[in-house]
Amino acid sequence: MKLLYQTHSPYARKVLVFAYEAGIADDIEVVHEETSPLVRNAEVYAANPLGKVPVLLRPGEVPLFDSDVICAYLDTRHGRPPLIPAEDESRWKALRMQAIAQGLADVGISLRWETTRRPEELRFAEMREALERKLVEGYDWLERELDLNTSTGTSVVHVGHIAVATTLSWLEFRGMPDFREGRETLAMWFDEFQQRPSMRATPLSGETQDQLVDAVMR
């Protein structure tokens, strides 16, 4: 299998951390593909009509895209306990945790457009403030709702934990509003999760290349 990847994508990193946690990272060739809404990457568009990573290329099968779908597929490819619980309330708790993490990543990406990526004269201050409020509300929710019965020690880790950890790591990497401030439980959990081999093997790096924006600003 081949994973079209980006070293500064929270969604792509979620998939790769998932693969490490499932014990199948060695079965996947990771290929970095730089993408941006303003710069067309033909290789990625050939596999995903949205032009976004991650994309999982499988020999003889259709490509899979969207991190949720890829993680669900990878969970069928290993012999360890499932990272996406199959039944009972534990399934919905894990998927709910994944959903809040994905939403926070979406908000963070939108916020970057209103703070750094869009030309300054086109930025919308009211939208920036609204997006920042969404991040703060999401952080507070995680502080209250994070499932501490399945932390990073001997207990089972699920897809929700992976999604939350990779999203928080990306938000911190991009200098978003601080999720640690006033949230001791969340910060402690995140610092512990950061030490897992899966996280240490997949560090974030690099900058998004919005080449067309650069040309306009010049």
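Residues numbered from 1 in each chain as written. Predicted model: local features only at pLDDT ≥ 70, side-chain atom pairs only at ≥ 80, totals over all residues. Heavy atoms only, no water.

An unreviewed UniProt entry lists the protein under the name Glutathione S-transferase, from Purpureocillium lilacinum.

S.K.: Explain the UniProt feature "domain: GST N-terminal" (unreviewed entry) in the protein here, please?
M.R.: In the numbering adopted here, UniProt assigns the feature "domain: GST N-terminal" (unreviewed entry) to residues 1–82. End C-alpha atoms of residues 1–82 are separated by 20 Å, and the span's content is 33% helix alongside 16% strand. (UniProt positions renumbered as here; feature names shortened; annotations may be inferred. Helix = DSSP H or I, 4+ residues; strand = E, 2+ residues; numbered from the N terminus.)

S.K.: So what exactly am I meant to see when it comes to helix α7 (residues 184–193) here?
M.R.: Quick reminder: α-helices carry 3.6 residues per turn. Residues three or four places apart thus point the same way. L186, A187, W189, F190 and F193 are the residues of α7 that are buried. The arc that holds every buried residue of α7, seen down its axis, measures 165°, which confines them to one face. For α7, the exposed residues set more than 90 degrees away from the buried face come down to E184 and M188. Contacts from the buried residues of α7 go to α5 (125–145), α6 (159–173) and α8 (197–200). (Buried < 20%, exposed > 50% of the residue type's maximum accessible area, 1.4 Å probe, protein only. Arc of directions from axis to C-beta. Contact = heavy atoms within 4.5 Å.)

S.K.: Whenever I open this one, the nonpolar core confuses me. Can you help?
M.R.: Among soluble globular proteins, nonpolar side chains are generally buried collectively. Membership of the largest hydrophobic core comes to 50 residues, with the highest contact counts inside it found for F18, L56, L74, L135, L142, L168 and L171. At the level of secondary structure, the elements contributing two or more residues to this core comprise β1 (2–5), α1 (10–22), α3 (67–74), α4 (88–117), α5, α6 and α7. The element best represented in this core is α6, accounting for eight residues. The residues contacting L171, other than those within four sequence positions of it, are L104, G108, L135, Y139 and M176. In terms of nonpolar packing, the next biggest core, distinct from the first, is built from five residues, L4, A47, V53 and V55 among them. (Core = buried A, V, L, I, M, F, W, Y, C linked by side-chain atoms within 4.5 Å.)

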